[in-house]
Amino acid sequence: MPSDPVWAARRGRLLACVLMVCASLPVSAFELRDPFAALAAIPGLQETGRACPATLPARPLNLADVIDTALCRNPQTASAWATARARAADVGAARSAYLPELSASGSVTERLRGDSTSSGSGFDVGGGSGGSGSSDTRITASATLSYVLFDFGARGAALDGAKALLDAARATRSATLQSVYLDAVTNYYGWVSAEGALKAANEAERAAKESLDAATIREQVGTATRADRLQAQTAYAQSQLARVQAEGALRTSRGSLANVMGLGANTRLDLAPPPLVTPAADFTDQLDPLVSAAIASRPDLVAAAANLSSAESDVDAARATGRPTLSANLTQNYTDTGPRERETTQAGLSLSVPIFSGFETTYRVRGAEARLEASRAELERLRNQATLEVFQAHSELITQTQSVFTAQALVTSAQESQSVARGRYEAGVGTILDLINAQSSAADAQRQLVLARSNWASARTRLAQAVGVIDTARDPQYDAASPATGAAR
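Because the structure is predicted, anything quoted here is derived from the model rather than measured.

The rules behind each value
- Residues numbered from 1 in each chain as written.
- Predicted model: local features only at pLDDT ≥ 70, side-chain atom pairs only at ≥ 80, totals over all residues.
- Heavy atoms only, no water.
- Axes fitted to C-alpha atoms, helices over the stretch in contact; angles between N-to-C directions.
- Helix = DSSP H or I, 4+ residues; strand = E, 2+ residues; numbered from the N terminus.
- Parallel < 35°, antiparallel > 145°, perpendicular 65-115°, else oblique.
- Left-handed = near helix turned anticlockwise from the far one by under 90°.
- Contact = heavy atoms within 4.5 Å.
- Nonpolar A, V, L, I, M, F, W, Y, C, P; charged D, E, K, R; others polar.
- Core = buried A, V, L, I, M, F, W, Y, C linked by side-chain atoms within 4.5 Å.
- Buried < 20%, exposed > 50% of the residue type's maximum accessible area, 1.4 Å probe, protein only.
- Pairing = 2+ DSSP bridges.
- Salt bridge = Lys/Arg side-chain N within 4 Å of Asp/Glu carboxyl O.

(A) The packing of helix α6 (residues 226-260) against helix α10 (residues 432-467), seen in detail. Between α6 and α10, the least distance of the axes is 9 Å, while the angle of their chain directions is 15°. Here α6 is positioned roughly parallel relative to α10, judged by the angle of their axes. Here α6 runs over α10; the crossing is right-handed. The residues of α10 that touch α6, namely those facing Asp 228, Gln 231, Ala 232 and Ala 235, are Ile 432, Leu 433 and Ile 436. Per-class residue counts for the contact of α6 with α10 are five nonpolar, one polar and one charged.

Printed below as a string of structure tokens:
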């Protein structure tokens, strides 16, 4: 390779050209990961403090632990978070349209005078075997700075639309968190119901075994018939079957709860029972305020309103595509042909006026207007759906509250009836059938009480979710004074 000063100078100019081309690389190739701080609007999970610990707490998990684990481990929450961050990045991309654009290009061409010609870097000039005579090198480089001065609102509409979609993604993320919150509460109390049903089944089996033992002893001493013993034995077998079924239901409820928590269904969970809370019945006249609160605060309605705003911006953006664009340009050119070097600078304004695009703009506007109408209809549908869900959840909570009071009275009555039936049978004045029926009623009443309490707790959370007031950032400590917001405290 030649080592003369001319080639050294050309090599320096080539390096300058390469550096100029590298300067045109996008910003993402460097360390400026969020120059507009757009992603700061939706911090990552690690930045929010929701990073999940590697292991579960080494103690029985209460309801707050279950909900916290579900909120940080459930894949739905991670997906909603990532979608919101993607929308935040779209906002940053829309803001970049307000900045000037800088681009650079360069080329080096080496022409061998003789039998062959090649294009490229030309590093083998003068040292190869295929050429004869001297060489001719041409180096060109240019840098262009352009800035859009006016575009009839196209950039503004795009930015407004991106911001609206970000608001919708935020609201959708909140709705997803509330949905996971509700699923965690519902499945936790499903486990509570299954656990209570198993305890009731064990108690019924124990009572049936005692009745069978009593009937066997009475048959042996001649105060009862063989039919009494067989009836008691049948009741005992039925209680064993009920206990086995209750154990299966409990295993299923544990698997469902682990799945909602973002864990494997076969994960062993050590769960703590919830504190006993007495239902309050001071909210039967609160329906209208709850409906109003739902219309104002439900995340899905907030998301629908944001989507409507985005659709309005899309109409403006579609209309702006058919309007002129005024830009300012500054271009610096450099050319080196060996004997001569030339540098030129050009500055000016460019006006782009769309004249005819085959009616593309017309149909884009019509499509955007149709999507706007669809967004309005969807918002109205969701408002009606929110009213219905609040009404149903409110009615269910009233029903479950009354069910708890009724089940408590039923348990007291059934237990007294069982005690009386056992005393009468042991005294020889009652029948084994009366005792079996009383035992069955007592066990069923206990199951009904546990189920009613669990359904009441789930109904409170469902009402809070229907209203849109579940606070997923706070510990879920129940407060019986406020049925709408108690599930979030």
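(B) Molecular detail of the side chain of Ser 253. Counting through the fold element by element, Ser 253 comes out in helix α6. When neighbours within four sequence positions are excluded, Ser 253 is seen to be in contact with Gly 190, Trp 191 and Ala 194.

(C) Examining the nonpolar core more closely. Val 66, Tyr 188, Leu 269 and Val 390 are the most contacted members of the largest nonpolar core, which totals 59 residues. Of all the secondary structure elements, the ones that give two or more residues to this core are α3 (63-73), α4 (75-95), α5 (154-221), α6, α7 (287-297), α9 (360-426) and α10. A total of 16 residues in this core trace back to one element, the largest contributor, which is α5. With near-sequence residues (within four places) excluded, Val 390 lies in contact with Leu 287, Leu 290, Val 291, Ala 294, Leu 463, Ala 466 and Val 467.

(D) Focus on the pairing of strand β4 (residues 341-352). Judged by how many residues are buried, β4 sits mostly at the surface: zero of 12 residues are covered. Bridge count for strand β3 (residues 325-336) against β4 is 12 bridges, and the pairing is antiparallel. Bridge assignment links Thr 335 to a residue of β4, and that residue is Arg 342.

(E) Layout of the pattern of salt bridges. In this structure the tally under the stated criterion is 22 salt bridges. With its nearest N and O atoms 3.3 Å apart, the salt bridge here joins Asp 167 to Arg 170. Of this pair, Asp 167 and Arg 170 are both found in helix α5, three residues apart, which corresponds to roughly one turn of the helix. Here Glu 360 ties to Arg 364 by a salt bridge, and the two come within 2.8 Å at their closest N and O atoms. One end of the pair is Glu 360 and the other is Arg 364, both in helix α9 and four residues apart, which spans about a single turn. You can call Glu 360 partly exposed: its relative accessible area is 40%.

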